[in-house]
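Structural overview for review
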Amino acid sequence: MIGGSSLAVAGLAFGHPATAVEAHAPSQRESLLLDSGWRFHEGDVPFPAILSQDDSYDNAKAGKAWGAAAPTFDDSEWPIVRLPHDFVSFQPIEEHYNRAQGYRKRGIAWYRNVLRFEPDDTAKHIELQIEGVATHATVWYNGNVIAHNWSGYNSLYIDLTPFTTYGSELNTLAIRVDAESMEGWWYEGGGLYRTVRIVKRHPVHIVTDGVLAHPVKLASGWTLPVEVTLYSTAKSNRVVSVKVSLKDKEGTVIDTETLSVTVTALDQRLARLNLTHDSPELWSVDCPTLYTVETCVMDGDLCVDGLVTTCGFRTTRFDAKTGFYLNDKPLKIQGVCIHQDHAGVGTAIPDALWDYRIRRLKELGCNAVRCTHNAPSSIVLDLCDRYGLLVMDENRLFNPSPEYIDHVRWMVRRDRNHPSIILWSVFNEEPMQGSAAGYEMVRRMAHEVKLLDTSRPVTAAMNSGMFSAINVSQAVDVVGFNYQQDKYDAFHKAHPDIALTSSEDTSNYSVRGAYVTDQDKRLTSGYDDPPKGWATHRGSWKMIAERDFIAGGFVWTGFDYHGEPSPWGWPTNSSMYGIMDLCGFEKDAFYIHQAQWIKTQPVLHIVPHWNWEGREGQPIKVMACANSDDVELFLNGHSLGRQVVDKYEMNFWQVPYAPGRLEALAYKAGKVIARASVETTGVAVGLKITPDRETAKGDGLDAVAFRIEAVDARGRTLPTAQNTVHFSVTNGDIIGLGNGDPNSAAPEKGNQRALFNGLAQVIVQTQTRAGDLILMAQAEGLKTATARVKIEPTQAPSRQATTTSVQVLDYWYDAPPEITREDALKNRLVNMTLWHDFGPRELQAGQTRDGYTLVSARYTPFAKVQAEGGSLDFPRLTGAVEVYDGTKLIGTKTDPAEGFLSVALPPGKGERRVNLLFRTLADTPYAFQQNVIVRQRFQAF
C-alpha cells in the first residue's frame, strides 16, 4: 500500500545514484573533471583603459587580454570554490531584488583556474566542456577570447589544442559570468552551476555528441543505424577503422560492424554503419531496459578513441484520436513540469540529488517530465532513461537566428540517443504564437530539428493563438496546450487530425502542512481548493483522462522552485505550485496524483493531520485519497460513513474534531485492501533523522538528503513543529539546508534550520576519507538525534591537474658585461630600462670574453606572495648564476648546464627587483629558455 514517504518504487531497485560521467571504451581518451582549483570573485573587475601606443598595439594581439582575463592577473586572494557553483544561492533574500528571481542579488562574477598539461599531451586534442554557465559568459584561455555564450542552458565545447602549452608552462582559464542578464521569470542562479570537464583525445577522434545510435523497428526485428562523426587534428590524412558493437545489459555482444574511413587533416568525416537485433527487450516506463553502443576508432588493432552510449529499443507515436502509444500500447502521459533548482543548493544540484528528485517522481506515479523551460543537465536524461520517465525536451530561446538555432542543434545532437525523449519542444508561451511570423519561426526551427532527428515529433507549448488563421500549431507535429483546457474539444473538432497534448496544466497553489488559505500569513490550503484563474489537480486530470484524444498532461509543477512567488509577493520568495515542496517533501497533491495515476497497488492517504488543539467539536474537512472501490472513515473506532471512491475528485467528510485516531479503510470487491491513519500526537521530545539512502560513495561527489523531524515519546512526527535545529557532520560537508517554507528568508547555507510544519532537510556531500558519514541534529529541549550513512570506498574521479595562479616574468633587461663580479653587482642599483631587452624564452649567444652579466626584472608580486612569500622558478636555466632579491642573495646555481632552479622568495610589500648574475664564459650560451615564474607557497600540481 502506498501512503507514506518511502522512496521505494515498485518494479525498480535503487542502488547508488547514476553519475553523469562520459563513458568511453578502453582507449586513449581521458575525461577529466575540472571541479577544483577555481578562484572566484563576486562582482565585476573593470578592464583598464587602453591609452598608450604600446598598449594599443598589444591590445590587438593574440594572448594579450587585460584585467582579470590576463594570465598575469593577481587572483591570489580570491576565495577557492568547488563546482558546481551557483553563487546566487549564497545571497541573502532581500525585498529590493528581482521578485521573479526569488529576491536574490544576481550580478557579475569571475572564475579563474590554472591548468597543467604534461609533455605527453602534446599530440592530443584537448577540449574544454562547460555543461552550463548562467547566464551570459565570455571565456579566455591564455589571454585569448575563445568563446562567448548567450544562454545559461546550453553547453560549450571549446577546442583548446592550438592555445595550450605543456610541462611547466601553465595555462590560464578565465571566465566572466554575467548573471545580471536573465532568460526566465523564475530563479535561474548564476555561475558555473553544471559540470566542467577537460577531455583529451587522440588526434583522430569522435567529436563530442558525435555518435547517433537510435533503434528503428522493422517489419521483422530491429535495425540500429549508427552515425559516427570523426575529426582529425593530425598533420596529414589518416586512415582508421570505426568499429561499433551493440551490447545488452549483461555486456553480451549482440552485433558488431567495422568500416574503414579516411579522415582529412583538420576536417570532419561521417561514418555510417548499421547493426541489427532480432528480438530485443523493449524499453518502457515500467521496465526501462537499456543497451549500450560501444564505438571505437581503430588504428590497426589499437582502439585510439572510444565512446559508450546507451540506447533503448522502443516505439512511440501520437495519434490524433487515441493519444500516445509506447511500444504500440496506449499510455496516458502522467507528467510534471520541473525547473532545475532545489532547496539549499539552488541550481548547483549534485547528481545524487537529481537521483533523489527523479526517484520521488517515480514514487508519485509520474511517468513523464517536461524540462521547463530549457534543456536539462545531462544527468537528468540519464536518470530518466534508467528509471523509465518519458521526457519533453525543451529549447529555451525562441529565435531561429544563427546564434540561437545553434542552441537547438546542440540540444538535439546531445540528447537524441535517449530513449526517454518523446518530444522536442521549440518554445513555451510565446506572444508571436498566433501570428504568421511565429509560424515561420517555428517552421525553421522544426526543420533544423528534423535534419538531426526524424524519429520524434516537434511540439510547442501554446497558451493562445491556436485558432488564428496562421499560427504555430500548423508548423508542429503535436500541438501542446498550456492551460487551455476549455478549448480541448473545440480544437479537436476543428482539427481532428492534429495530435494534441496538455503541455502544462493545473498551477494550483498549496503550502505543505497548511489547510487554511490566509493571505496575511501568505499561506494556501493543501485541500486543492479551486484557485482564481487556474485549475485544481483533480479537475485538470479529469479533463485529460476522460478524453482519449488528449495524449496526457504535464502538471505545473512537480516541485516548488525558488522565484516566481505566487499568488503573492514578498515575503513569499518561492513558488507554491509544486506537488512537492522545495525539498521534495510531499504535499497533499502528491497523494491526489498517486490515487489518480497508480494502478498496480493500493493507494490510501488521509488529509489532514490530526493535531487541532483548541478546535475540539469544530468540523475539520477530511479528504481521503484512494484508488480502491470504496473508502470508509473512522474516528476513534466509530464509522463516519463509507463512500464510493471518486477516482478524480477524491472523497470528503466534515468531521467534528476530537483527539485520537482517524483511520480509513480501502475496499476492493468488498475486501479491505489498505489502511491508513493519522493520530493526535504528544509533545515533541526528540528529533529523528532519515537519510534518503543507507550507503553513499566516498568519492567526494556523492550527496545524501537527510529528512529531519520532531517526534513525540511514541516516535510519531509532529506535523506542526517549528523548532530550530543545529547540525554537525563528520566525514561530510553540509552544502545546503531547506524546509519547504515558501515565506522564509533564512539562509540556505550554514548549519542550522528551523523545521517547517514538522520537517527540514540537510544536504550533505561526501568526502574521500574513510569512515561513516555521521549527521547530528540538536534542538533546545529535544533529545539529540544521530544518523549514519555507510561510506563505500570509491575511487575518486579522474581530475584535470590544476594549480594556484602564477606570475610570469617576461620583461627582462641585461646590463653591459663586466670583467669582475664586483663591477657586475654594482648594476643591481642601476636603472635597468637603459639596458637592452633580454629575451626570456631563448638561449643567448655567449659573450666575447669571460666575465659576468647582470640580468634584471621588476615586478610586483601577487598579494599572497607579498604576505606569505613564494618561490622564483626557472624551468630551463643555462649557466652558473646567483639570484638576488634586490641586493640580497637568495639562491645560486653552480652547474652551467641547463637545469631547473627554484629559489625561496621571502615575503615583502610592494614592487621588487630580481637580479640574476650570470658567470659568462666566452662563446658559451646562457640564459633561460622558458619564462621565469613566481609561485605562491604550497603550490600543488
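Please read all numbers here as calculations on a predicted model, not as lab measurements.

**Some points on the overall build of the protein chain**
Secondary structure summary: the protein chain contains 10 helices and 57 strands in total. In terms of overall dimensions, the protein chain is globule-like: its C-alpha atoms have a radius of gyration of 32 Å, near the 30 Å expected for 941 residues. Counting only C-alpha atoms and orienting by the principal axes, one finds that the protein chain spans roughly 115 × 70 × 50 Å. Within the protein chain, contacts between residues at least 6 apart in sequence are counted, and of these 72% link residues at least 24 apart.

**Considerations on the nonpolar core**
In this structure, V336, L361 and W610 are the most contacted members of the largest nonpolar core, which totals 103 residues. No other element matches helix 2 (residues 351-364), which puts seven residues into this core. Beyond its immediate stretch of four places on either side in the chain, L361 contacts V336, I338, C366, V369, L389, F559 and M580. Formed by 33 residues, the second largest nonpolar core is a distinct cluster that contains F40, F117, Y141 and V177.

**Points about the environment of Q485**
With respect to the helices and strands, Q485 occurs in the loop between strand 27 (478-482) and helix 6 (488-494). If we ignore the near neighbours within four places in the chain, the residues touching Q485 are D505, A535, S540, M543 and I544. Here Y488 takes part through its side chain, which lies 3.3 Å from a polar atom of the side chain of Q485. Of the polar contacts made by the side chain of Q485, one reaches the backbone oxygen of S540; its length is 3.2 Å.

**Thoughts on the domain arrangement of the protein chain**
On domain assignment, one finds that the protein chain holds domain 1 (30-201), domain 2 (205-311), domain 3 (331-600), domain 4 (618-679), domain 5 (686-792) and domain 6 (806-936). Computed from C-alpha atoms alone, the centre-to-centre distance between domain 1 and domain 4 is 57 Å.

**Remarks on the UniProt feature "domain: Glycoside hydrolase family" (unreviewed entry) in the protein chain**
Here the UniProt-annotated "domain: Glycoside hydrolase family" (unreviewed entry) positions come out as residues 687-787. The span residues 687-787 is 0% helical and 50% strand by assignment, and the distance between its end C-alpha atoms comes to 11 Å.

**A word on the packing of aromatic side chains**
Scanning the model with the defined rule gives 29 aromatic pairs in all. Centroid distance F874 to F928: 6.2 Å. Interplanar angle 50 degrees. Geometry classified as tilted. Taken together, the positions of F874 in strand 51 (residues 870-878) and F928 in strand 56 (residues 927-928) put the pair 54 residues apart, joining distant regions of the chain. Judged by its relative accessible area of 0%, F874 falls in the buried class. Accessibility expressed as a relative area gives 0% for F928, which makes it buried. An aromatic cluster is built from W812, F838, F874, F918, Y926 and F928, whose rings are joined through pairwise contacts. Here R317 stacks its cationic end above the ring of Y325, 3.9 Å away from the centre of that ring. The positively charged end of R919 is found above the aromatic ring belonging to Y852, 4.8 Å away from the centroid.

**What about the packing of helix 2 against helix 3 (residues 378-387)?**
Each pair of packed helices gets described by two things: the angle between the helix axes and the distance between those axes. Running from N to C, helix 2 and helix 3 cross one another at 40 degrees; their axes reach a closest spacing of 10 Å. Regarding the angle of helix 2 to helix 3, the classification is oblique. Judged by the sense of rotation from one axis to the other, the crossing of helix 2 with helix 3 is right-handed. Only I379, V380, L383, C384, R386 and Y387 of helix 3 make contact with helix 2, whose side of the interface consists of D351, W354, D355, I358, R359 and K362. A class-by-class count of the residues in the contact of helix 2 with helix 3 yields seven nonpolar, no polar and five charged.

**Let's talk about unusual backbone geometry**
Backbone torsion omega between L83 and P84 reads 0 degrees, so that peptide bond is classified as cis. On the secondary structure map, P84 appears in the loop between strand 3 (80-81) and strand 4 (108-115). Omega for the bond connecting S566 with P567 falls within 30 degrees of zero, at 5 degrees, which places this linkage in the cis form. Tracing the sequence through the fold places P567 in the loop between strand 29 (552-556) and helix 8 (588-597). In the Ramachandran plot, L266 falls in the positive-phi region, its phi being about 55 degrees despite a non-glycine side chain.

**A closer look at the sheet that holds strand 50 (residues 851-859)**
Across the sheet, which stays open at both edges, the six strands sit in the order 49-48-50-55-52-53 with antiparallel pairing between neighbours. For this open sheet the edge positions go to strand 49 (836-838) and strand 53 (888-893), each flanked by a neighbour on one side alone. Between one strand axis and the next, the sheet turns by 30 degrees as a mean value, whatever way the strands run. Here strand 48 (residues 812-814) runs beside strand 50; their pairing, made up of two bridges, is antiparallel. Bridged to Y813 within strand 50 is S856.

**What about the sheet that holds strand 10 (residues 196-201)?**
Whenever strands of a sheet pair, they do so through backbone hydrogen bonds, lying parallel or antiparallel. Reading across the sheet, the four strands line up as 1-10-5-8 and stay open at both edges, with antiparallel pairing between neighbours. Each edge of the open sheet is held by one strand with a lone partner, namely strand 1 (30-33) and strand 8 (156-159). Across the sheet, the mean angle from the axis of one strand to that of its neighbour is 20 degrees, orientation sign disregarded. Both strand 5 (residues 125-130) and strand 8 contribute to a ladder of four bridges, which runs antiparallel. Bridged to I130 within strand 8 is L156.

**Remarks on the pattern of salt bridges**
Applying the stated criterion across every chain yields a total of 61 salt bridges. Across the pair E131 and R414 runs a salt bridge, and its minimum N-O distance is 3.6 Å. Of the two residues, E131 sits in the loop between strand 5 and strand 6 (136-141) while R414 sits in helix 4 (residues 402-415), which places them 283 residues apart along the sequence. No difference in accessibility class separates E131 from R414, as the two residues are buried.

Criteria and cut-off values
Residues numbered from 1 in each chain as written. Predicted model: local features only at pLDDT ≥ 70, side-chain atom pairs only at ≥ 80, totals over all residues. Heavy atoms only, no water. Helix = DSSP H or I, 4+ residues; strand = E, 2+ residues; numbered from the N terminus. Rg over C-alpha atoms; globule rule 2.2 N^0.38 Å. Contact = heavy atoms within 4.5 Å. Core = buried A, V, L, I, M, F, W, Y, C linked by side-chain atoms within 4.5 Å. Buried < 20%, exposed > 50% of the residue type's maximum accessible area, 1.4 Å probe, protein only. Polar contact = N/O pair within 3.5 Å; in protein donor to acceptor, adjacent residues only side chain to side chain. Domains from an automatic or database assignment. UniProt positions renumbered as here; feature names shortened; annotations may be inferred. Phe/Tyr/Trp six-rings, centres within 6.5 Å; stacked < 30°, edge-to-face > 60°. Lys NZ or Arg CZ within 6 Å of the ring centre and 35° of its normal. Axes fitted to C-alpha atoms, helices over the stretch in contact; angles between N-to-C directions. Parallel < 35°, antiparallel > 145°, perpendicular 65-115°, else oblique. Left-handed = near helix turned anticlockwise from the far one by under 90°. Nonpolar A, V, L, I, M, F, W, Y, C, P; charged D, E, K, R; others polar. Pairing = 2+ DSSP bridges. Salt bridge = Lys/Arg side-chain N within 4 Å of Asp/Glu carboxyl O.

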